Structures are given as structure tokens and as C-alpha cells.
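# Per-entry structural report
Spelled out from the first residue to the last, the chains are:
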Amino acid sequence: MSYENTIGENLRFGITEMLILQLLSEEDKYVYQIAQELETRTNGAFSFKAVALYLPLYRLVERGLVDERKEVVVGKRFRRYYHLKEEGAMYFEQVKKEYLLMAAGVDAIMEWDK
């Protein structure tokens, strides 16, 4: 039985929200922009179809961390932009601290094979 796909999926799922918050801390973005930047800035390690990002974005909106707004782009077509709220920025700072602490701990343990 191969666990490689499951392990990768669990790791990506666990930090996708944090990466979205990082991107939104830089500027408001629409979902396709987020997907493109995740793929580009992680050298393909985080490659999502835009539609797969709606669930974590909806969760962030529901929790009051992110706002969304619609902007007309062509005719009746619109884009939905996501904006990091002040509460979201404070939450992101806490998440970032916790992630860095955990990553340092994992690195310390994983050094045994060097």
C-alpha cells in the first residue's frame, strides 16, 4: 500500500490556510491569483485548481478572518476578491509563530539522518 499521496495531501491541507493568509496579508486577491501564486512561489509544491481553494477560503470567511467582495471585470462577469481582516491578521501572526515553533521541533528531530 502506498501512503505517499495521503501523506502529501495531509501536509498540504494542514498548511494551505496559513499560506492563503500569508498571500492575503500582502494584498487582496481573487482565487485564481491565489492558486497561481501558491504554485509559483512554492515551485510547484502547492499546486491547486482554483476551485479547490474555495473551501478553505469559505472557512476563513465564516470564521470572520477574511472578507470577500465582488468586482465587475467584463460586462456582467465578476471576480470575488478576498481581504484579510484585522482579526485575520492577528490570527495569522499566532499561526505563524506556532508553525515556526513546530517546524523547528520537527527539524530538530529529523536531523538524526544527516
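From a predicted model like this one, the values you see are computed outputs, not experimental measurements.

## Description of the overall build of the protein chain
A tally of helices and strands in the protein chain yields 4 helices and 3 strands. Each helix (α) and strand (β) of the protein chain, taken in turn from the N terminus, gives the series α-β-α-α-β-β-α. For the protein chain, the proportion of its 114 residues judged to be buried stands at 25%. At a minimum sequence separation of 6, the contacts of the protein chain that also span at least 24 residues come to 46%.

## As for the pattern of salt bridges
Opposite charge on two side chains allows them to pair when their charged atoms are near. The final tally for this structure, using the stated rule, is 10 salt bridges. In this structure, Glu 37 and Arg 41 form a salt bridge, with 2.8 Å as the shortest nitrogen-oxygen distance. Of this pair, Glu 37 and Arg 41 both sit in helix H2 (residues 31-41), 4 residues apart, which is roughly one turn of the helix. Among the ionic pairs, Glu 93 bridges to Lys 96, the shortest N-O distance being 3.4 Å. Taken together, the positions of Glu 93 and Lys 96, both in helix H4 (residues 86-110) and 3 residues apart, correspond to about one turn of that helix. Overall, the relative accessible area of 36% leaves Glu 93 in the partly exposed class. For Lys 96, a relative accessible area of 29% puts it in the partly exposed group.

## Topic: a nonpolar patch on the surface
Together, Val 106, Ile 109 and Met 110 line one region of the surface with nonpolar side chains, adding up to about 300 Å² of accessible area. With respect to the helices and strands, the residue Met 110 is situated in helix H4.

## Brief notes about the sheet that holds strand E3 (residues 77-84)
Here we have 3 strands laid out as an open sheet, ordered E1-E3-E2, and antiparallel in their pairing. Here the strands that pair on one side only, and so sit at the sheet edges, are strand E1 (29-30) and strand E2 (66-74). Examined bridge by bridge, E1 and E3 share 2 bridges and lie antiparallel to one another. Residue pairing for E3: Tyr 30 is matched across the bridge by Tyr 81. Sitting on the sheet, helix H3 (residues 54-62) touches E2 and E3, and the angle it makes with E3 is about 55 degrees.

## Focus on the confidence of the model for the protein chain
Counting all residues, the mean pLDDT for the protein chain is 88, and 88% of those residues have values of 70 or more. The secondary structure element of the protein chain with the lowest average pLDDT is helix H1 (residues 4-26), at 81, and the one with the highest is E1, at 97.

## Brief notes about the pairing of E3
Sheet topology note: the E2/E3 ladder contains 8 bridges and is antiparallel. Bridge pairing in E3 places Glu 71 opposite Arg 79. Hairpin connection from E2 to E3: 2 residues lie between these consecutive antiparallel strands, with Gly 75 at a positive phi of about 55 degrees.

Cut-offs applied
Residues numbered from 1 in each chain as written. Predicted model: local features only at pLDDT ≥ 70, side-chain atom pairs only at ≥ 80, totals over all residues. Heavy atoms only, no water. Helix = DSSP H or I, 4+ residues; strand = E, 2+ residues; numbered from the N terminus. Buried < 20%, exposed > 50% of the residue type's maximum accessible area, 1.4 Å probe, protein only. Contact = heavy atoms within 4.5 Å. Salt bridge = Lys/Arg side-chain N within 4 Å of Asp/Glu carboxyl O. Patch = residues over 30% accessible without salt bridge, like charges linked within 9 Å, V, L, I, M, F, W, Y side chains within 5 Å. Areas by Shrake-Rupley, 256 points an atom, 1.4 Å probe, with all protein chains shown as cover. Pairing = 2+ DSSP bridges. Axes fitted to C-alpha atoms, helices over the stretch in contact; angles between N-to-C directions. pLDDT = per-residue confidence, 0-100.

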